[in-house]
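# Breakdown of the fold
Here are the chains, one letter per residue:
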Amino acid sequence: MNAPLDDAALDMLFRTARSYNGYLNKPIDEETCHAIWDLMKWGPTSANQLPARLVWCLSDAAKRKLAACVSAQNEPKILSAPATVILATDNHFHNHLPSLFPHNQTAKSWFEHDAALRETSAFRNGTLQGAYLIIAARALGLDTGPMSGFDNAKVDEAFFVGSPHIRTNFILTLGYGDPSSIFERLPRPKFRTFNRIW
C-alpha cells in the first residue's frame, strides 16, 4: 500500500500552488519538457488512448506565432513566459491503439466508424492529460498558467496545418512563477457545497 504524500508535497501540488500570470527570467529547456512528458504520460486514459498532442513553444518565433492567435489580455503573458504549451487532442488517436493497447487488438474497431465517439473520447481523455501536465510540472518545481482566451481555429491553422483531426483544447504558460503576478487566493468551497454521497 502506498503511503500518503506529506503536507509539503500536497501544498506543492495543490494547496499553495497557483496559476501564474508572469514568470521569473529563468528559461525552460528541452530536457525539462521531456521530463514533464515522462511523468504526465503515466496518467490514466481510457484504453490507454493518450490522445493529447503537445506543442512546446520555446523559441521567440513560436511565441510570436501563438501570441497572434490569442486575446489582447493573454498576448503579453505568452510573449514573456519562458514556455507556452499548446495542448491539443487527436481525433484519430484510435490508429495508435494497436500499439498502445496491445492486449486487445479489437480496440481500434471500437472507434473506427464512429467519429462522434472519437471526438468525445479524445476531448475527455486529452483534457485529463492536460491536468496531468499541470501536476507533473508542479511536481518538478515549475508553475503554470492555463488559459482560454484564444482563437481555436487560428491556433489549429498555425500549428496543426494539414492535420484537421488535431484540435487545440487549451494552452498554458510554463516557468518559475513570479509571486507579484498573482492575485489573492480565490475561494474554494467546502465539500458539501458541490458534493453528494449516496
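Quick note: structure is the one above.
Predicted model only: the values in this text are computed from it and were never measured.

## Re the nonpolar core
Within the largest apolar cluster, 18 residues are counted, with the highest numbers of intra-cluster contacts made by Leu 54, Leu 133 and Leu 174. Secondary structure elements with two or more residues in this core: helix 2 (30–40), strand 1 (52–57), strand 2 (83–90), helix 7 (115–139) and strand 4 (166–175). Element by element, the count of residues in this core is highest for helix 7, at five residues. Residues contacting Leu 54, with those up to four places away along its chain left out, are Trp 37, Met 40, Val 85, Ile 86, Leu 87 and Leu 133.

## Description of the sheet that holds strand 4
Adjacent strands of a sheet pair through backbone hydrogen bonds, lying either parallel or antiparallel. The antiparallel open sheet is built from four strands, whose spatial order is 1-2-4-3. The outermost strands of the open sheet, each flanked by one partner alone, are strand 1 and strand 3 (143–147). Across the sheet, the mean angle from the axis of one strand to that of its neighbour is 25 degrees, orientation sign disregarded. Sheet analysis places strand 2 next to strand 4, joined by eight bridges and oriented antiparallel. Bridge pairing in strand 4 places Ala 88 opposite Thr 168. The strands that helix 7 touches are strand 1, strand 2, strand 3 and strand 4; relative to strand 2, the one it contacts most, it runs at about 155 degrees.

Calculation notes
Residues numbered from 1 in each chain as written. Predicted model: local features only at pLDDT ≥ 70, side-chain atom pairs only at ≥ 80, totals over all residues. Heavy atoms only, no water. Core = buried A, V, L, I, M, F, W, Y, C linked by side-chain atoms within 4.5 Å. Buried < 20%, exposed > 50% of the residue type's maximum accessible area, 1.4 Å probe, protein only. Helix = DSSP H or I, 4+ residues; strand = E, 2+ residues; numbered from the N terminus. Contact = heavy atoms within 4.5 Å. Pairing = 2+ DSSP bridges. Axes fitted to C-alpha atoms, helices over the stretch in contact; angles between N-to-C directions.

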